[in-house]
Amino acid sequence: TQDLIFQPENTMPRILTASLMIAALAFLVMPLAQAGDSHKHQAPLHTTALGLAGYSPVSYFHADGPHVGSPEFSAQHAGVTYFFANEEELSTFSADPERFAPAYGGWCATGMSKGKYFDVDPTTFKIVDGQLFLYKNNEQVNALDVWTAGDEAKLPTKANAFWKSENGI
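Cut-off values and rules
The numbering scheme is per chain: residues are counted from 1 as the chain's sequence reads. Totals for whole chains, interfaces and linings use all residues, but because this is a predicted model, local features are given only for residues with pLDDT of at least 70 and pairs of side-chain atoms are given and counted only at 80 or more. Side-chain metrics in this entry use all non-hydrogen atoms of the structure; hydrogen atoms and water are not considered. Confidence of the predictor in every single residue is expressed as pLDDT, which spans 0 to 100. Runs of E in the DSSP output that reach at least two residues are strands. Runs of H or I that reach at least four are helices, and both are numbered from the N terminus. Any two residues whose heavy atoms approach within 4.5 Å at even a single point are treated as in contact. Take the number of residues in a helix, subtract one, and multiply by 1.5 Å to get its expected span. Residue exposure (1.4 Å probe, protein chains only): buried if accessible area is under 20% of the type maximum, exposed if over 50%, otherwise partly exposed. This arc corresponds to the set of directions leading from the helix axis out to the C-beta atoms. Here, strands pair whenever DSSP counts at least two bridges between them. Axes, fitted as lines to C-alpha atoms, cover a helix only where it is in contact. Angles between the N-to-C directions of the axes lie from 0 to 180 degrees.

One rule of thumb: low pLDDT means the predicted coordinates there are not for detailed reading. When pLDDT is averaged across the protein, the result is 81; 72% of the residues are at 70 or more. Mean pLDDT values for the elements of the protein range from 37 in helix 1 (residues 2-6) up to 98 in helix 3 (residues 87-95). With pLDDT under 50 throughout, residues 1-39 is counted as low confidence; its partners more than four residues away or in other chains account for 12 contacts.

Between the first and last C-alpha of helix 7 (residues 155-167) there are 18 Å, a value that for 13 residues agrees with the 18 Å anticipated at 1.5 Å per step. Burial in helix 7 covers these residues: L155, P156, A159, F162, W163 and E166. For helix 7, the buried positions fall inside an angular range of 130 degrees around the axis, keeping them on one side. Exposed and facing more than 90 degrees away from the buried side of helix 7 are T157 and S165. Against helix 5 (109-113), strand 5 (131-135) and helix 6 (143-149) lie the buried residues of helix 7. Immediately downstream of helix 7, the backbone of G168 shows phi near 60 degrees, a positive value.

Pairing between the strands of a sheet is mediated by backbone hydrogen bonds and can be parallel or antiparallel. As summarised here, the arrangement of the 3 strands in space is 1-3-2, forming an open sheet in which the pairing is mixed. Of all strands in the sheet, those with a lone pairing partner are strand 1 (49-50) and strand 2 (70-77), marking the two edges. Taken together, the 2 bridges between strand 1 and strand 3 (residues 80-84) define a ladder with parallel strand orientation. In the sheet register, L50 faces strand 3, and the bridge partner there is T81. Contacts from helix 3 reach strand 2 and strand 3, with the element oriented near 0 degrees to strand 2.

Following this line, the structure appears as structure tokens:
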């Protein structure tokens, strides 16, 4: 039966392969198309949004910094699933999720202050007035450095105003 797959007259495997490739391409392109829509920065309904790339939101408030959680200990908040390292972290989050969930839906705080949505590096963060702020950090820019070089008294006000206007708050 192996020979049948490669025979030219047997087009079913090629059609199936082409269909799978088209479906995979559509799956990859769809988020890119949505990325241009500045008013819809939510995960599509058919996906599960994993917050903080699996890092425990509670762990950002520990002295030893953030650590990756486990799917064994998970909770949803505002349509996002978060992982925790243990039952204690899960319980702490569940008691007050607004305290531990990242500001601006997990988007870059510096981006928010500029009226833009930037992806973040979940290990580049700062606690500002008891709230978790995340920042973009790649080869081109460390947005935390941009934030701290700016007027830190005004930046949260700008970021909050943009976030509220985008989310009808």
